[in-house]
Protein chains: 2
Amino acid sequence: MKPNLQIALDHNDLASALKDVAVVGEIVDILEIGTILCLQEGKKAIECVRALFPEKTIVADTKCADAGGTVAGNVKKAGADWMTCICSATIPTMKAANKEVDEIQVELYGDWTYEQAQEWLEAGISQAIYHQSRDALFAGETWGEKDLSKVKKLIEMGFRVSVTGGLDVDTLKLFEGVEVYTFITGRGITSAENPKEAALAFQNELKRIWGE
Amino acid sequence: MKPNLQIALDHNDLASALKDVAVVGEIVDILEIGTILCLQEGKKAIECVRALFPEKTIVADTKCADAGGTVAGNVKKAGADWMTCICSATIPTMKAANKEVDEIQVELYGDWTYEQAQEWLEAGISQAIYHQSRDALFAGETWGEKDLSKVKKLIEMGFRVSVTGGLDVDTLKLFEGVEVYTFITGRGITSAENPKEAALAFQNELKRIWGE
């Protein structure tokens, strides 16, 4: 199945995020209100993107660590379908959040374990996001076999797995044969000279590799 | 030394946060823009509290997990002095954040280790926040000897340690003899019938136990 393409709106201000999402929102499958934008503009960012795209799946990338029920209730009210929790959140936090939104995605940063991942599954969490952290990328790390085997293991465990961090059209083929659920990119699209063409190029490459 | 008293403004909207902070802001030592408020109102919440309290130390409780430099630069620009990072953030994220704000506080959730804590110290991070998670408290967990020994160990390692989660004036004495740097409370003050009296009662109890 063709993986989803998700755009991360990681802008510092609402206007520039809206400018980009207006151009590529219909081309991509999932719209993410990135953490930076959430923290800069608050729930208004979710509300505005929902107003422009009433039918799209919207993720609030809150990386929620606590007060799961309150945070999830708030983003749902603002228009989000899904929300992210950080992997170091407790199970009660994830469960509380999971009651308020349609789905929770666990963001994998730092030293998580497969034992924890199994607990998330048992708590009813069905999605995980495998990252190359932005700051790790800045520090020179890149995608490799180590990452791919972790992604495969998570998929085998039963997660739908999103992949993100420094992706471009050329890196997608590294994942050929792996049933990635969603590829997430921000600047891979928004920093392109022509964001609309960049979004189409991502979708075409996904179709070429995984089929329609 | 008397520990600091920090109020966590964990409101769902700016107006109610401002109403409370206007009453207790001068009594407490540190003003925290809580995660819920950050996500609801964005940087505006920091800007407004800074406008009202130009001299107070302000913490943005972003629980930053990635893009440390960008998030920290943004909250600093909005008026925050300190910012929180989640314990599962990578060292490059913490270091990048630490360059932009005066101090980073690491929020301890889930399965962190003392080995990681040592890495944070070596990366120049000097503050840690020991939590009872809100959702864990809802699930029936409480403060105990296990928590106190972890707090003491972190202090011995060299951290200035903040303590938070379900604290009230009566629970402060559990920490007698422990050099806690800051006690953080939200609803311990804001849900009181008289928030101003509640803040004064916290400060008086801190002075009684730890001296002026």
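Scroll up to find the structure.
Each chain carries its own residue numbering, running from 1 in the direction its sequence is written. Chain letters start at A and ligand numbers start at 1, both assigned in the order the entries are written. Confidence filtering applies because this is a predicted model: local features only for residues at pLDDT of at least 70, side-chain atom pairs given and counted only at 80 or more, and all residues used for totals across whole chains, interfaces and linings. Calculated side-chain values reflect all of the structure's heavy atoms, with hydrogen atoms and water omitted.

Colleague: Please explain the interface of chain A and chain B as it appears in this structure.
Modeller: Often, the extent of an interface is quoted as the loss of accessible area on bringing the components together. Facing the 34 residues of chain A at the interface are 34 residues of chain B. Contact between chain A and chain B buries roughly 2,900 Å² in total, counting both sides, with carbon and sulfur atoms accounting for 56%. Here, a salt bridge means any Lys or Arg side-chain nitrogen found within 4 Å of an Asp or Glu carboxyl oxygen. Along the contact surface separating chain A from chain B lie zero salt bridges. Polar contact criterion, stated in full: a pair of N or O atoms within 3.5 Å, where within protein one must be able to donate a hydrogen and the other to accept it, and residues adjacent in sequence count only if both atoms are side-chain atoms. Our count for the contact surface shared by chain A and chain B stands at 13 residue pairs in polar contact (both at pLDDT 80 or more). Pairs of residues are marked as contacts when any of their non-hydrogen atoms sit within 4.5 Å. Throughout, buried area stands for the accessible area (probe radius 1.4 Å) lost by two parts on being put together, summed over both.

Colleague: Even after reading the chapter, I still don't get the pattern of salt bridges, so can you show me in this structure?
Modeller: Side chains that carry opposite charge are capable of pairing whenever their charged atoms lie near each other. All names here are of chain A. In the structure shown here, the tally under the stated rule is 18 salt bridges over all chains. A salt bridge links D147 to K146; its shortest N-O distance comes to 3.8 Å. A relative accessible area of 53% places K146 in the exposed class. Residues E205 and R208 are paired through a salt bridge, measuring 2.9 Å at the closest nitrogen-oxygen approach. Of this pair, E205 and R208 both sit in helix α10 (residues 195-210), three residues apart, which is roughly one turn of the helix. When its relative accessible area of 54% is taken as the criterion, R208 is described as exposed. Exposure classes here rest on a 1.4 Å probe applied to the protein chains alone. A residue is buried below 20% of its type maximum, exposed above 50%, and partly exposed in between. Numbering of helices and strands runs from the N terminus, with a helix taken as a DSSP run of H or I at least four residues long and a strand as a DSSP run of E at least two residues long.

Colleague: Mind showing me how you'd approach a negative patch on the surface here?
Modeller: Within this analysis, patches are made of residues with over 30% relative accessible area and no salt bridge. Like charges are joined at 9 Å or less; nonpolar side chains (Val, Leu, Ile, Met, Phe, Trp, Tyr) at 5 Å or less. All accessibility values rest on the Shrake-Rupley procedure with a 1.4 Å probe; residue burial counts only the protein chains present in the view. Positive charge is attributed to Lys and Arg, negative charge to Asp and Glu, and no charge count is given to His or to the chain ends. All charge positions are set by atom: Lys at NZ, Arg at CZ, Asp at CG, Glu at CD. Among the surface-exposed residues, D111 of chain A together with E115, E119 and E122 of chain B lie close enough to one another that they form a single negatively charged patch. Looking at the secondary structure, you find E122 of chain B in helix α6 (residues 114-122).

Colleague: I would appreciate a short explanation of the relation of the copies chain A and chain B in the present structure.
Modeller: One chain copy maps onto the other through a rotation about an axis and a shift parallel to that axis. The operation relating chain A to chain B is a screw motion whose rotation component is 180 degrees, with 0.0 Å of axial translation and a residual RMSD of 0.0 Å. Read as a symmetry element, the transformation amounts to a two-fold axis. By C-alpha distance to the rotation axis, the residue of chain A lying nearest is G42 of chain A, at 2.0 Å. A share of 100% of the interface residues of chain A reappears at the interface of chain B, consistent with the copies meeting face to face through the same patch. Here the copies were fitted onto each other by least squares, based on C-alpha atoms from residues at pLDDT of at least 70 in both.

Colleague: Please clarify how the pairing of strand β3 (residues 57-64) of chain A should be interpreted in this entry.
Modeller: Regular strands place their side chains on alternate faces of the sheet. Residues and elements named next belong to chain A. Counted residue by residue, β3 has seven buried out of eight residues, so it is predominantly covered. Looking at chain direction, strand β2 (residues 30-33) and β3 are connected through four bridges and run parallel. Counterpart to L31 in the pairing with β3 is I58. As defined by bridge partners, β3 adjoins strand β4 (residues 82-86) across three bridges and the pair is classed as parallel. When the sheet's bridge partners are listed, C64 is paired in β4 with C85. Handedness of a crossover is defined as follows: orient the strands so they point away from the viewer, and if the path from the first strand over the helix to the second runs clockwise, the crossover is right-handed. Traced from β3 through helix α4 (residues 68-78) to β4, the parallel crossover comes out right-handed. For two strands to be treated as a pair, DSSP must find at least two bridges joining them.

Colleague: Please explain the packing of aromatic side chains as it appears in this structure.
Modeller: Given two aromatic rings, one states the distance between the centres and the angle between the planes to describe the pair. All names here are of chain A. Here a Phe, Tyr or Trp ring, Trp counted by its six-membered ring, pairs with any other such ring whose centre lies within 6.5 Å, and the pair is stacked when the planes are under 30 degrees apart, edge-to-face when over 60, and tilted otherwise. Tallied over the full model, the rule gives six aromatic pairs over all chains. Ring geometry for W112 versus Y114: centroids 5.2 Å apart, planes at 85 degrees, classification edge-to-face. Classification of Y114 by relative accessible area gives partly exposed; the value is 26%. Measuring from ring centre to ring centre gives 5.4 Å for F183 and W210, while their planes differ by 50 degrees; the resulting arrangement is tilted. Highlighted residues: F183 in strand β8 (residues 182-185) and W210 in helix α10, separated in sequence by 27 residues.

Colleague: Help me out: how do you make sense of the environment of T142 of chain A in this one?
Modeller: Residues and elements named next belong to chain A. Tracing the backbone shows T142 in the loop between α7 (134-138) and α8 (145-157). The class for T142 is exposed, based on a relative accessible area of 57%. Taking the C-alpha atoms as reference, T142 lies 8.1 Å from G166; in sequence the two are 24 residues apart. When near neighbours in sequence (up to four residues on either side) are disregarded, T142 contacts Q132 and D147.

Colleague: Got a minute to help me understand the side chain of E41 of chain A in this structure?
Modeller: With respect to the helices, strands and loops of the structure, E41 of chain A is situated in helix α2 (residues 35-41). For E41 of chain A, the side chain forms a polar contact with the main-chain nitrogen of L14 of chain A, separated by 2.8 Å. At 3.3 Å, the side chain of E41 of chain A and the side chain of K44 of chain A are in polar contact. Among all residues touching E41 of chain A, those that are not within four sequence positions of it are N12, D13 and L14 of chain A together with E41 and G42 of chain B.

Colleague: Please explain unusual backbone geometry as it appears in this structure.
Modeller: Note: most peptide bonds trans; most residues except glycine with negative phi. For K63 of chain A, which is not glycine, the phi dihedral falls at a positive 50 degrees. Residue K63 of chain A is classed as buried on the basis of its relative accessible area of 8%. Of note in this structure, A67 of chain B is not a glycine but carries a positive phi near 55 degrees. By the secondary structure assignment, A67 of chain B is in the loop between β3 (57-64) and α4 (68-78). For A67 of chain B, a relative accessible area of 7% puts it in the buried group.

Colleague: How do you make sense of the sheet that holds β3 of chain A when you look at a structure like this?
Modeller: Consider a sheet: its strands pair through backbone hydrogen bonds, and that pairing is either parallel or antiparallel. All names here are of chain A. A barrel is described by the order of its strands in space; here eight strands give the closed sequence β1-β2-β3-β4-β5-β6-β7-β8, paired in parallel fashion. On average, adjacent strands in this sheet sit at an angle of 25 degrees to one another, irrespective of strand direction. Contacts between α4 and the sheet are confined to β3 and β4, with β3 contributing the most and set at about 150 degrees to the helix. In this description, a line fitted to the C-alpha atoms serves as the axis of each element, helices being fitted only across the stretch in contact, and the angle between N-to-C directions of two axes falls anywhere from 0 to 180 degrees.

Colleague: It is not clear to me how helix α5 (residues 91-100) of chain B should be interpreted in this structure. Could you clarify?
Modeller: What sets the pattern is the α-helix's 3.6 residues per turn: residues three or four places apart point alike. All buried positions along α5 of chain B are accounted for by T93, M94, A97 and N98 of chain B. Buried residues in α5 of chain B, looked at end-on, bunch into an arc of 130 degrees, giving them a common side. What the arc covers is the set of directions going from the helix axis to the C-beta atoms.

Colleague: Would you take a moment to explain the nonpolar core for this structure?
Modeller: Across soluble globular proteins, nonpolar side chains show a tendency to be buried alongside one another. Remark: nonpolar core denotes a set of buried residues (Ala, Val, Leu, Ile, Met, Phe, Trp, Tyr, Cys) joined through side-chain atoms within 4.5 Å. Grouped together as the largest cluster of nonpolar side chains are 132 residues, with contacts concentrated most on M83 and W120 of chain A together with M83 and W120 of chain B. With near-sequence residues (within four places) excluded, W120 of chain A lies in contact with C87, I91, M94, V106, L108, W112, I125 and F159 of chain A.

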